[in-house]
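So the chains spell out like this:
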Amino acid sequence: MANKMVSEMGLPKSIANIFAARNLITAKDVFSLTEFELMELLDVDLAVVTSAVAHISEITCPPYQTALSLLEQRRQNENMAGHLPTSLKGLDNALCGGIPFGVVTELVGPAGIGKTQFCLKLSLLASLPSSYGGLDGSVIYIDTESKFSSRRLIEIGFNSFPEVFHTEGMAQEMAGRIMVLRPTSLSEFTDSLQKIKVSLFQHSVKLLIIDSMAALLSGEGVQGPQRQHSLGWHISFIKSVADFSRIPVVVTNQVRSQSRDEISHYSFQDKNKGEGPEAATKPDSHLVAALGIHWAHAVSIRLIFESKSGQRFIKLAKSPLSPPLAFPFNVTSSGISLLNDDGVEMPGPEIHSISCQGHNNVINFISEMMH
């Protein structure tokens, strides 16, 4: 609630404009200053400041709720809940229907493993007419690494849904429903996010994809406490968009090498514990999600994409309802295809590990298909 926009709180327009002009955009910005500091910054009377702060507090602070009202709200949310099927039968079964509405789903893995391929297919499924099992809506695709390929999108469409895409004009209509944003900086990305809430209903958006969040932070060179502060604001805002709009939100994440401090701190995930110091020198022994442990706690679903000895896997590493399963897959002309629908149960630290053994072939294969 602290990230709620001041401009959306019903303040008199003249007062709201003054807040905006002084870069007080969210309730958190306002509450970080005392009333006297606000009076000096805004150059208005104390009575005006007190009235505005009281109004913002009333809007921002959640009201008291009874246990009965919470139960009724939960039932209502369950009735509104839904899923976007991925067309991967085994994964959909494990996820109880597909990518869930109203929460953040994360795809994490090394570059070129198939995360963007997965996102392209989801974009098509969300924009597909409901008569063919789609959501019949628009998609907002935030492409921070310029990996989105319209040619590859159409190729997946023609091979996955030939009866739809061979209909005259349908390929253009489907592609026209996918709105691609390419922010080049963290500030541009933040501006894009703040505009998205308005676009969700104007354009009947049924899916939001961010590919990828990690690229923006690494590109800005943001580190330490500043990185965590920025990441905290963004994940809070992204989660609020998912909850507010009740649509699936999918975010991709990169991988990085695990530091020695992290290895000792998260020793429960160390596969090679007790194997001697030489084990830690293996190329993929300590790959972790780039955005860290705080981000991991914030997402509801985590799918790990990895490669072992040249075979790619999707691992269902985090879900409130699903068992920890791994599914072998290939990337084909129609997108990602599972080699079997049963999956392999993988409890313990192994489900959280990220491997990229024999990954060079994967990167080359994807690169060829994108051109």
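For the structure itself, consult the block above.
Computed from a predicted structure; not experimentally measured.

What counts and what doesn't
- Residues numbered from 1 in each chain as written.
- Predicted model: local features only at pLDDT ≥ 70, side-chain atom pairs only at ≥ 80, totals over all residues.
- Heavy atoms only, no water.
- Helix = DSSP H or I, 4+ residues; strand = E, 2+ residues; numbered from the N terminus.
- Buried < 20%, exposed > 50% of the residue type's maximum accessible area, 1.4 Å probe, protein only.
- Contact = heavy atoms within 4.5 Å.
- Areas by Shrake-Rupley, 256 points an atom, 1.4 Å probe, with all protein chains shown as cover.
- Salt bridge = Lys/Arg side-chain N within 4 Å of Asp/Glu carboxyl O.
- Axes fitted to C-alpha atoms, helices over the stretch in contact; angles between N-to-C directions.
- Left-handed = near helix turned anticlockwise from the far one by under 90°.
- Nonpolar A, V, L, I, M, F, W, Y, C, P; charged D, E, K, R; others polar.
- Phe/Tyr/Trp six-rings, centres within 6.5 Å; stacked < 30°, edge-to-face > 60°.
- Pairing = 2+ DSSP bridges.
- Expected span 1.5 Å × (residues − 1).
- Arc of directions from axis to C-beta.
- 1 Å grid on protein atoms, 1.4 Å probe; cavity = no way out; pocket = protein on both sides within 12 Å on 5 of 7 lines; lining within 4 Å.
- Points joined across faces, edges and corners; volume = space filled by probe spheres on them.
- Polar contact = N/O pair within 3.5 Å; in protein donor to acceptor, adjacent residues only side chain to side chain.

Each helix and strand counted, the chain has 16 helices and 14 strands in total. Residue burial in the chain is summarised as follows: out of 371 residues, 47% are buried. In the chain, the share of contacts with a sequence separation of at least 24, taken over all contacts with a separation of at least 6, comes to 68%. Here the chain displays about 18300 Å² of accessible surface, and carbon together with sulfur accounts for 54% of that area.

This part covers the pattern of salt bridges. When their charged atoms lie close together, side chains carrying opposite charge are able to pair. The final tally for this structure, using the stated rule, is 10 salt bridges. A salt bridge links D136 to R177, with the shortest nitrogen-to-oxygen separation between them at 2.9 Å. Highlighted residues: D136 in the loop between α7 (115-127) and β4 (138-143) and R177 in the loop between α10 (170-176) and β5 (178-181), separated in sequence by 41 residues. Residue classification places R177 among the buried residues on the basis of a relative accessible area of 17%. Through salt bridges with shared partners, a single network forms among E306, K308, K315 and E350.

Here the focus is the packing of helix α3 (residues 35-42) against helix α4 (residues 46-60). At a minimum axis separation of 9 Å, α3 and α4 run at an interaxial angle of 115 degrees. Between α3 and α4 lies a crossing of right-handed hand. Every residue of α4 that contacts α3 at E35, F36, L38 and M39 is listed here: L46, V49, T50 and V53. Classifying every residue of the contact of α3 with α4 gives six nonpolar, one polar and one charged.

Time to look at the packing of aromatic side chains. Inspection of every chain in the model, using the stated rule, returns five aromatic pairs. Between F118 and F305 the ring centres are 5.6 Å apart and the planes differ by 75 degrees, which places this aromatic pair in the edge-to-face class. One end of the pair, F118, is in helix α7; the other, F305, is in strand β10 (residues 301-308), with 187 residues separating them in the sequence. Pair check on accessibility: F118 and F305 agree, each one buried. Ring-pair connections join several aromatic residues into one group, and the members of that group are F118, F305 and F329.

This brings us to the pairing of strand β12 (residues 325-332). Along β12, six of the eight residues are buried, which leaves the element largely enclosed by surrounding structure. Bridge count between strand β11 (residues 311-318) and β12: four bridges; the pairing is antiparallel. Its bridge partner being in β12, K315 is matched across the sheet by A326. In this structure, the hairpin formed by β11 and β12 is closed by a connection of six residues. Relative to strand β14 (residues 344-345), β12 runs antiparallel, the two sharing two bridges. Residue pairing in the sheet places A326 in a bridge with V344 of β14. Both β12 and strand β13 (residues 335-338) contribute to a ladder of four bridges, which runs antiparallel. Residue V331 lies in a different strand from β13, and its bridge partner there is I336. Counting the residues between successive antiparallel strands, the hairpin from β12 to β13 contains two residues.

Further remarks concern α4. For α4, with 15 residues, the first-to-last C-alpha span of 21 Å sits near the 21 Å given by 1.5 Å per residue. Those residues of α4 that sit buried are V49, A52, V53, I56 and T60. All buried residues of α4 fall inside an arc of 100 degrees around its axis, so they share one side. In α4, the exposed positions angled more than 90 degrees off the buried face are occupied by A47 and E58. The inward-facing, buried residues of α4 abut α1 (13-21), α2 (27-31) and α3.

On to the environment of G232, then. For G232, the location among the structural elements is in helix α13 (residues 224-245). Accessibility expressed as a relative area gives 34% for G232, which makes it partly exposed. Between the alpha carbons of G232 and A298 there is a distance of 9.2 Å; along the sequence they are 66 residues apart.

Before going further, it helps to spend a moment on empty space enclosed by the protein. Regions of empty space are outlined by a rolling probe, equal in size to a water molecule, passed over the atoms. Under the counting rule described, the total for this entry stands at two cavities of 30 Å³ or more. Estimated volume of the largest cavity: approximately 50 Å³. Forming the walls of the largest cavity are T86, S87, L88, Q117, F118, K121, L122, L125 and I336. Per-element tally for the lining of the largest cavity: the top contributor is α7, with five residues. Of the volumes computed, that of the second largest cavity is approximately 40 Å³.

Attention now goes to α1. Residues that lie three or four places apart on an α-helix share one face, since the helix turns once every 3.6 residues. Of the residues making up α1, those classed as buried are I15, A16 and F19. Projection of α1 onto a plane perpendicular to its axis shows the buried side chains occupying an angular sector of 100 degrees, all on one side. Along α1, exposed side chains directed more than 90 degrees from the buried face belong to K13 and A21. Elements that come into contact with the buried residues of α1 comprise α2, α3 and α4. Phi for N23, located one or two positions after α1, is positive at around 65 degrees.

Looking at the secondary structure, you find S138 in strand β4. For S138, the side chain forms a polar contact with the main-chain oxygen of H203, separated by 2.9 Å. If near-sequence neighbours (up to four positions away) are discounted, S138 is found in contact with R177, M179, H203, S204, V205, K206 and L207.

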